[in-house]
Amino acid sequence: MQNIKDEIIKSVKILKNSKATTAFTGAGISVESGIPTFRGKDGLWSKYDPKILDINYFHKYPKDSWKVIKEIFYDFFGKATYNKAHEVLALMEQNNLINNVITQNIDNLHQEAGSKIVHEFHGNSKNLICTKCGKSYNISEVNLSSLPPKCNECNGLLKPDFIFFGEGIPKKAYSASLEASEKSKVFLVIGTTGEIMPACQIPYLAKQNGAIIIEINPEESNFTNRITDVFLKGKASEIMKIIEKELFKNK
Ligand code: NAD
């Protein structure tokens, strides 16, 4: 534990001195909120077939896709609440210690914890969009008891507003992420394998532009031995709790 404590103290110094910091998060930050990762031994894809999130399959078999989508993203994920790691990132933003969050997650937990500047690289499951007229809905406005849900304006098929396999990255989030990778002096990478393209390129670009990479993960990732400067091995909420204590101890 002493080693990790030293590494955390080193990270806190870097974070305090940074002129611009971005947090880059993946599925791992929400594991302690009860949302499993997709891949790996206990990941969602060990239970469900990823084809339900293939855009062509969705359009061909909307009812079949929606049955599984509802079960995973609304009956199950929908009940999750943010954890300490999301909370500390929001607190850091309020104290000007973080400028923005880039997340690969679609669970809305950063915003629920209080983060204001969040670039959602893969979209957000709490919003639905009409595939015909483009009208958008909050999940609270949509009745999922009859599937697939339809638009009340044009009767078009509604789709969760996160990207499916075969779809592109939302333009605004992509350009904001590129800008953050150019401007940030520190990248705090939390809970991601770094295997999903093109999201995984963002920390590499930041490193090329001179950013210091601090990484939190219980396992080594694709970043760890390539670009990470300080590796904090452990669970996001446990490490972020100590970071919070060190960052704010004289306040
Ligand atoms: P991933 O499933 O590839 O990897 C998850 C990473 O989290 C691993 O490196 C793992 O070691 C780490 N991890 C596990 N427990 C952790 C903990 N307690 N604290 C910190 N790290 C922990 O996830 P990914 O790289 O983000 O890619 C999967 C894609 O699937 C994402 O792009 C995302 O769109 C999507 N996804 C989203 C959610 C969500 O919204 N919560 C959940 C699953 C998958």
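If you're wondering where the values come from, they're calculated on a predicted model, not measured in any experiment. (Residues numbered from 1 in each chain as written. Predicted model: local features only at pLDDT ≥ 70, side-chain atom pairs only at ≥ 80, totals over all residues. Heavy atoms only, no water.)

**Quick word on the site of the ligand**
Then comes step 1: Among the 25 residues in the neighbourhood of the ligand, the closest are listed as Ala27, Arg39, Gln104, Thr192 and Asn217.
Then comes step 2: The contact in question runs from an oxygen atom of the ligand to an N or O atom on the backbone of alanine 27, over 2.7 Å.
Then comes step 3: In the environment of the ligand, an oxygen atom lies 2.7 Å from a nitrogen or oxygen atom belonging to the side chain of asparagine 217.
Then comes step 4: Protein contact buries 92% of the 850 Å² of open area that the ligand shows by itself. (Near = heavy atom within 4 Å. Polar contact = N/O pair within 3.5 Å; in protein donor to acceptor, adjacent residues only side chain to side chain. Areas by Shrake-Rupley, 256 points an atom, 1.4 Å probe, with all protein chains shown as cover.)

**Quick word on helix 6 (residues 171–183)**
Then comes step 1: Taking 1.5 Å per residue, 13 residues should reach 18 Å; helix 6 reaches 18 Å between its end C-alpha atoms and fits that length.
Then comes step 2: Along helix 6, the positions that sit buried rather than exposed are Ala173, Ala176, Ser177, Ala180 and Ser181. Viewed along the axis of helix 6, the buried residues span an arc of 140°, placing them on a single side of the element. Facing away from the buried surface of helix 6 by more than 90 degrees, the exposed residues are Lys171, Lys172, Glu182 and Lys183.
Then comes step 3: Tucked inside the fold, the buried residues of helix 6 contact strand 1 (21–25), strand 2 (100–103), strand 3 (118–120), strand 7 (186–190) and helix 7 (201–208). (Helix = DSSP H or I, 4+ residues; strand = E, 2+ residues; numbered from the N terminus. Expected span 1.5 Å × (residues − 1). Buried < 20%, exposed > 50% of the residue type's maximum accessible area, 1.4 Å probe, protein only. Arc of directions from axis to C-beta. Contact = heavy atoms within 4.5 Å.)

**Description of the domain arrangement of the protein chain**
Then comes step 1: As far as domains go, the protein chain holds domain 1 (1–35 + 81–122 + 169–251) and domain 2 (36–79 + 125–162).
Then comes step 2: In this structure, domain 1 and domain 2 have C-alpha centres spaced 27 Å apart.
Then comes step 3: Of the residues lining the interface, 13 residues belong to domain 1; the matching set on domain 2 comes to ten residues.
Then comes step 4: At the junction of domain 1 with domain 2, the criterion picks out one salt bridge.
Then comes step 5: Glutamate 112 serves as the salt-bridge partner of lysine 126, at 3.3 Å between the closest nitrogen and oxygen.
Then comes step 6: At the junction of domain 1 with domain 2, the criterion picks out two residue pairs in polar contact (both at pLDDT 80 or more). (Domains from an automatic or database assignment. Salt bridge = Lys/Arg side-chain N within 4 Å of Asp/Glu carboxyl O.)

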